[in-house]
Amino acid sequence: AAVKCYKNIYKTDCKNIENIKNYIKSLKESKQFDLELVLAKRLIKLQDKKSNYSLLSDAYSDSKQYAQAIKMYEKFLEGNEINGINHSMFGYLYFLLYGETHNPEHAEKSFEHYKKSVEFEPANRLRLKNLTSAASIAKHEDVEYDTWKKYFALGDTTEEEKFAFSMSSMRN
């Protein structure tokens, strides 16, 4: 219903930035990724503002165009200091890009970004787990194993995580 409403609003005023952003968000929620991307590109043409590049990066990612998503995220961050959340996002995008290309350089970049992300927040369970995955695909078995140990020290683990740690132990 929201998509239909924003579509009608867009038809009435196709240059209203806030309405376009809301329309993009509703398209994302309804998984209409092709249209989301088209509208995000239009938003940039109407308002070439750094914050809009984050929406465009998301739209490219939703459309599984990860290399473009990375470029737009870089443009979004241009001139800003990169924090742990930003490194996590880059790690995630490079991880997805590696899944598409199987290029070892993408695996290595994913690993490096997740590693930097953990430096910002060493006890963050999600970041640690992401680092184990990135270390595994980048073939950094020692880092994968050490990171799993840190993860397990935080407690509350699943059987699946215990299995992944045992596999890492064997590789290491």
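One can find the structure itself at the top, above this paragraph.
These notes cover the structure that comes with them. This is a predicted model, so every value here is computed, not measured.

1. Quick look at the packing of helix 3 (residues 33–46) against helix 4 (residues 50–62)
Remark: helix 3 packs on helix 4, axes separated minimally by 9 Å, with the N-to-C direction vectors making an angle of 155 degrees. Classed by the angle they form, the pair helix 3 and helix 4 counts as roughly antiparallel. For the pair helix 3 and helix 4, the crossing hand works out as left-handed. Across the interface between the two elements, Phe33, Glu36, Leu37, Ala40, Lys41, Leu43 and Ile44 of helix 3 pack against Asn52, Tyr53, Leu55, Leu56, Asp58, Ala59, Tyr60 and Asp62 of helix 4. Partitioned by chemical class, the residues of the contact of helix 3 with helix 4 number ten nonpolar, one polar and four charged.

2. Remarks on unusual backbone geometry
Phi at His102 is positive, roughly 55 degrees, even though this residue is not glycine. Residue Lys139 is not a glycine yet carries a positive backbone phi of 65 degrees. Take Lys139: its relative accessible area is 60%, and that puts it in the exposed class.

3. Quick word on the packing of aromatic side chains
Tallied over the full model, the rule gives eight aromatic pairs. Measuring from centroid to centroid gives 5.6 Å for Tyr145 and Phe165, while their planes differ by 15 degrees, and the two rings are stacked. Linking Tyr145 in helix 9 (residues 141–153) with Phe165 in helix 10 (residues 159–171), this pair joins segments that are 20 residues apart in sequence. Since its relative accessible area comes to 22%, Tyr145 is described here as partly exposed. Relative to Tyr151, the ring of Trp148 lies with its centre 5.4 Å away and its plane at 90 degrees, an arrangement referred to as edge-to-face. Of the two residues, Trp148 and Tyr151 both sit in helix 9, three residues apart, roughly one turn of that helix. Among the aromatic side chains, those forming a connected cluster through ring pairs are Tyr145, Trp148, Tyr151, Phe152 and Phe165. One Lys or Arg, Arg125, reaches over the ring of Tyr151 and ends 4.4 Å from the middle of that ring.

Analysis parameters
Residues numbered from 1 in each chain as written. Predicted model: local features only at pLDDT ≥ 70, side-chain atom pairs only at ≥ 80, totals over all residues. Heavy atoms only, no water. Axes fitted to C-alpha atoms, helices over the stretch in contact; angles between N-to-C directions. Helix = DSSP H or I, 4+ residues; strand = E, 2+ residues; numbered from the N terminus. Parallel < 35°, antiparallel > 145°, perpendicular 65-115°, else oblique. Left-handed = near helix turned anticlockwise from the far one by under 90°. Contact = heavy atoms within 4.5 Å. Nonpolar A, V, L, I, M, F, W, Y, C, P; charged D, E, K, R; others polar. Buried < 20%, exposed > 50% of the residue type's maximum accessible area, 1.4 Å probe, protein only. Phe/Tyr/Trp six-rings, centres within 6.5 Å; stacked < 30°, edge-to-face > 60°. Lys NZ or Arg CZ within 6 Å of the ring centre and 35° of its normal.

Any functional reading would require information that these geometric values do not contain.
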